[in-house]
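# Secondary and tertiary structure notes
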Amino acid sequence: MVVIRLIKVDNSSFLTFLESENIICNFYTCDNIMNSGKSGYAIKDVYFYTVDGLPSDKYVSFCENIFDELIVEFKTDNDKLIKDAFNEIKKQHKKYKKIRIGANSRKFYDSPLFKKTFKIIKDYSSTHGVFAQFSKDELPSFSIPANVLIQLVKNGDKSQYISYKDDEWDGLSSLIKYGNDNDLFFTIEENSAICGYLIANNSYKNIYDIANVFVAEKSRGRNFGKYLTISFSAYCYANGFIPYYGTAISSYSEAVAIKSGFHEVQRQYYKDVKIKFLARIKS
């Protein structure tokens, strides 16, 4: 019989701890705790384990999503906690269509224990960083060309962009159609013709997380992504919000984040895995 010694942390106390430690760096974890299980949110349930069951920045999280996937993230180097978590994954794996493991170092996957326990099915080696900004003082100064206009689109005017094809505008129609009224939507125009946009979501407290920054191919290489991002941040600071860049999806996206005064706060590497052995891992 498999005996799991993991000690679960109370989510409410863990949320309080994460908020007080650094709400910006812990934004995604806090967001998942606050919104898991809510209609329209991809996370069904999330729970955390530490060595003693007390809130800590060294933990393992188990996250179940609406696609019947289990995502386990390791933010600890404690061997006992890692072994127990591996056993728990083996205990639960048949309930899910996919098991995904995340760690903030590639070396995690080189350990003998990991290699003995799991077979890697898919490697997300191109994962990029998560970026945040901590102060309006980090906003770079910039000037926009006279023929370029950035504007915040009001809710009543958003519907006109539903006709923009997703494949040409990187999902713009869907982002508008299925977005929320409190989403921030900025467009950038050159000579009165739209050439890009930025959309940010607010799902947790006063933090606005960028959902997408897009610049049409013909307009790239001219800092339009930077102009959009800095304008978004300036608007947030002027209105009592915190700007967040979230996970970059490409090297171009990372470059825009850095040019716009954001800093990398975390980087996770994910692997889809299958179980190699069902025997319990001995301590």
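Everything discussed here concerns the structure shown above.
Below is a short write-up of the structure. Remember, predicted model here, so these are calculated numbers, not experimental data.

A rise of 1.5 Å per residue sets the reference length of helix α3 (residues 79-92), with its 14 residues, at 20 Å; its end C-alpha atoms lie 20 Å apart and thus fit the reference within 8%. The buried count for α3 comes to 10 of 14 residues, which makes it a mostly enclosed element. Within the span of α3, buried status applies to Leu81, Ile82, Asp84, Ala85, Phe86, Asn87, Glu88, Ile89, Lys90 and Gln92. If you check the start of α3, you find a side-chain oxygen 3.1 Å away from the backbone N of Lys80, and it comes from Asn78.

On to unusual backbone geometry. With a phi close to 50 degrees, Asp170 is a non-glycine residue in the positive phi region. For Asp170, the position within the fold is in the loop between β8 (148-152) and α5 (172-177).

Turning our eyes to something else, we now look at the pairing of strand β10 (residues 193-204). Where strand β9 (residues 184-190) and β10 come together, 7 bridges link them in antiparallel fashion. From the neighbouring strand, Phe185 faces β10, where its bridge partner is Ile199. In this sheet, strand β11 (residues 207-215) lies alongside β10 in antiparallel orientation, the contact comprising 7 bridges. Its bridge partner being in β11, Ala200 is matched across the sheet by Ile210. Taken together, β10 and the strand that follows it, β11, pair antiparallel across an intervening segment of 2 residues, in which Lys205 is found at a positive phi of about 50 degrees.

With that settled, the discussion passes to the nonpolar core. Core analysis: the largest hydrophobic core is formed by 24 residues, its most contacted members being Phe62, Phe74, Ile89, Ile101 and Phe108. When residues of this core are traced back to their parent elements, those giving at least two are β2 (43-50), β3 (59-65), β4 (69-75), α3, β5 (98-103) and β14 (269-275). Looking at this core element by element, the count peaks at 5 residues for α3. Residues contacting Ile101, with those up to four places away along its chain left out, are Val72, Phe74, Ile89, Phe108, Tyr109, Phe114, Phe118, Tyr269, Tyr270, Lys271 and Val273.

Turning our attention to the packing of helix α1 (residues 11-22) against helix α2 (residues 27-35). Contact geometry for α1 and α2: axes closest at 10 Å, N-to-C directions at 150 degrees. What the angle tells us is that α1 and α2 run roughly antiparallel. When the axes of α1 and α2 are compared, the crossing they make is left-handed. Of the residues in α2, those in contact with Asn11, Phe14, Leu15, Leu18 and Glu19 of α1 are Thr29, Cys30, Ile33 and Met34. Of the residues belonging to the contact of α1 with α2, the class tally is 6 nonpolar, 2 polar and 1 charged.

In this fold, Thr229 is placed in helix α6 (residues 224-238). Apart from residues lying up to four places away in sequence, Thr229 is in contact with Leu198, Ile210, Val213, Tyr245, Val256, Ser260 and Phe262.

Cut-offs used in this document
- Residue indices begin from 1 for each chain and proceed along its sequence in written order.
- Only residues with pLDDT of 70 or above have their local features reported here, since the model is predicted, and side-chain atom pairs are shown and tallied only from 80 upward, although totals for entire chains, interfaces and linings are computed over all residues.
- Calculated side-chain values reflect all of the structure's heavy atoms, with hydrogen atoms and water omitted.
- Secondary structure counts use DSSP, requiring at least four H or I residues in a row for a helix and at least two E residues in a row for a strand, with both numbered from the N terminus.
- Expected span of a helix, by definition, is 1.5 Å for each gap between consecutive residues, and there is one gap fewer than residues.
- For the exposure calls, accessible area comes from a 1.4 Å probe over protein chains only, and a residue counts as buried if that area is under 20% of its type's maximum, exposed if over 50%, partly exposed in between.
- For the purposes of these results, a polar contact is taken to be a pair of N or O atoms within 3.5 Å, where, inside protein, one atom must be able to donate a hydrogen and its partner to accept one; residues adjacent in sequence count only when each atom of the pair is a side-chain atom.
- Whether two strands pair depends on DSSP finding at least two bridges between them.
- Note on terminology: a nonpolar core comprises buried Ala, Val, Leu, Ile, Met, Phe, Trp, Tyr and Cys residues joined through side-chain atoms within 4.5 Å.
- Here, two residues are considered to be in contact whenever any of their heavy atoms come within 4.5 Å of each other.
- Throughout, an axis means a line fitted to C-alpha atoms (over the contacting stretch in the case of helices), and angles, computed between N-to-C directions, take values from 0 to 180 degrees.
- Just so you know how the angles are binned, under 35 degrees is roughly parallel, over 145 roughly antiparallel, 65 to 115 roughly perpendicular, and the rest oblique.
- What makes a crossing left-handed is the near helix being turned counterclockwise from the far one by less than a right angle; a clockwise turn instead makes it right-handed.
- Throughout this entry, Asp, Glu, Lys and Arg are counted as charged residues, while Ala, Val, Leu, Ile, Met, Phe, Trp, Tyr, Cys and Pro are counted as nonpolar. The remaining residues, Gly among them, count as polar.

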